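Chain and residue survey
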Amino acid sequence: MEAVSGTPFGVVHLDVAPVTSGLAIGALVAGIASLLVSLLVICFGVAFKNDGGAWASGAFAALGVLAGGAAVVIGLLARRQIRRPTAPSAVQFTGRGLAMAGISCGAAGALLSLLGLGLALLLALT
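Owing to the predicted nature of the structure, the values given are computational and were not obtained by experimental measurement.

1. Describing the overall build of the protein chain
The helix and strand tally for the protein chain stands at three helices and four strands. A compact globule built from 126 residues would reach a C-alpha radius of gyration of about 14 Å, whereas the protein chain, at 23 Å, exceeds it by more than 25%. Along the longest, intermediate and shortest principal axes, the C-alpha atoms of the protein chain span 85 × 15 × 15 Å. For the protein chain, with 126 residues in total, the buried portion stands at 27%. Long-range contacts, defined as pairs at least 24 residues apart, comprise 75% of the intrachain contacts of the protein chain with a sequence gap of at least 6.

2. Thoughts on the UniProt feature "transmembrane region" (unreviewed entry) in the protein chain
Sequence positions flagged by UniProt for "transmembrane region" (unreviewed entry) are, in local numbering, residues 23–48, 54–77 and 98–125. The span residues 98–125 shows a helical share of 100% and a strand share of 0%, and its end C-alpha atoms are spaced 40 Å apart.

3. Looking at the side chain of Ser21
With respect to the helices and strands, Ser21 occurs in the loop between β3 (19–20) and α1 (22–47). Residues in contact with Ser21, not counting those within four places in the same chain, are Ala78, Gln81, Ile82, Phe93 and Thr94.

4. So, the packing of α1 against helix α3 (residues 96–125)
Axis separation between α1 and α3 bottoms out at 7 Å; the angle between their running directions is 15°. The angle between α1 and α3 places the two elements in the roughly parallel class. Remark: the crossing between α1 and α3 carries left-handed chirality. Broken down by class, the residue content of the contact of α1 with α3 amounts to 20 nonpolar, nine polar and no charged.

5. Overview of the packing of α1 against helix α2 (residues 53–83)
A packed helix pair is summarised by two numbers, namely the angle formed by the two axes and the spacing between the axes. Between α1 and α2, the least distance of the axes is 7 Å, while the angle of their chain directions is 160°. On the basis of their axis angle, the class for α1 and α2 is roughly antiparallel. As α1 packs across α2, the resulting crossing turns out to be left-handed. Partitioning the contact of α1 with α2 into residue classes produces 17 nonpolar, ten polar and no charged.

6. Some points on a nonpolar patch on the surface
On the surface, Met1, Val12 and Leu14 cluster together to form a nonpolar patch covering roughly 400 Å² of accessible area. Residue placement: Leu14 occurs in the loop between β2 (10–11) and β3. The exposed category is assigned to Leu14, whose relative accessible area is 60%.

Calculation rules
Residues numbered from 1 in each chain as written. Predicted model: local features only at pLDDT ≥ 70, side-chain atom pairs only at ≥ 80, totals over all residues. Heavy atoms only, no water. Helix = DSSP H or I, 4+ residues; strand = E, 2+ residues; numbered from the N terminus. Rg over C-alpha atoms; globule rule 2.2 N^0.38 Å. Buried < 20%, exposed > 50% of the residue type's maximum accessible area, 1.4 Å probe, protein only. Contact = heavy atoms within 4.5 Å. UniProt positions renumbered as here; feature names shortened; annotations may be inferred. Axes fitted to C-alpha atoms, helices over the stretch in contact; angles between N-to-C directions. Parallel < 35°, antiparallel > 145°, perpendicular 65-115°, else oblique. Left-handed = near helix turned anticlockwise from the far one by under 90°. Nonpolar A, V, L, I, M, F, W, Y, C, P; charged D, E, K, R; others polar. Patch = residues over 30% accessible without salt bridge, like charges linked within 9 Å, V, L, I, M, F, W, Y side chains within 5 Å. Areas by Shrake-Rupley, 256 points an atom, 1.4 Å probe, with all protein chains shown as cover. Salt bridge = Lys/Arg side-chain N within 4 Å of Asp/Glu carboxyl O.

Here you go:
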């Protein structure tokens, strides 16, 4: 409690516990989903190369790239939310590592989806 000078009053600052950012958690979930979808892209492209596996890979590659891009964007928004300065009595967000992991997983998932689609198309054409 701080006394307000010249008055008999005081100011109390309540401590607010830090909260894990929901955006950071969402980025990690979307990044992991992108990685799992990229594995489907590769599996369909290799396993069904003569039975239309390239079509299935293309559909899942679009999903993997969208999920990866969403993970990167949400992760960047989470990092921005976490580093924003706040007043002493406002909520402070944590989860910088979760946001970075979401960005990394999302970018890797999108890249693997595109590489898996390229592999499926290469196998289908040969």
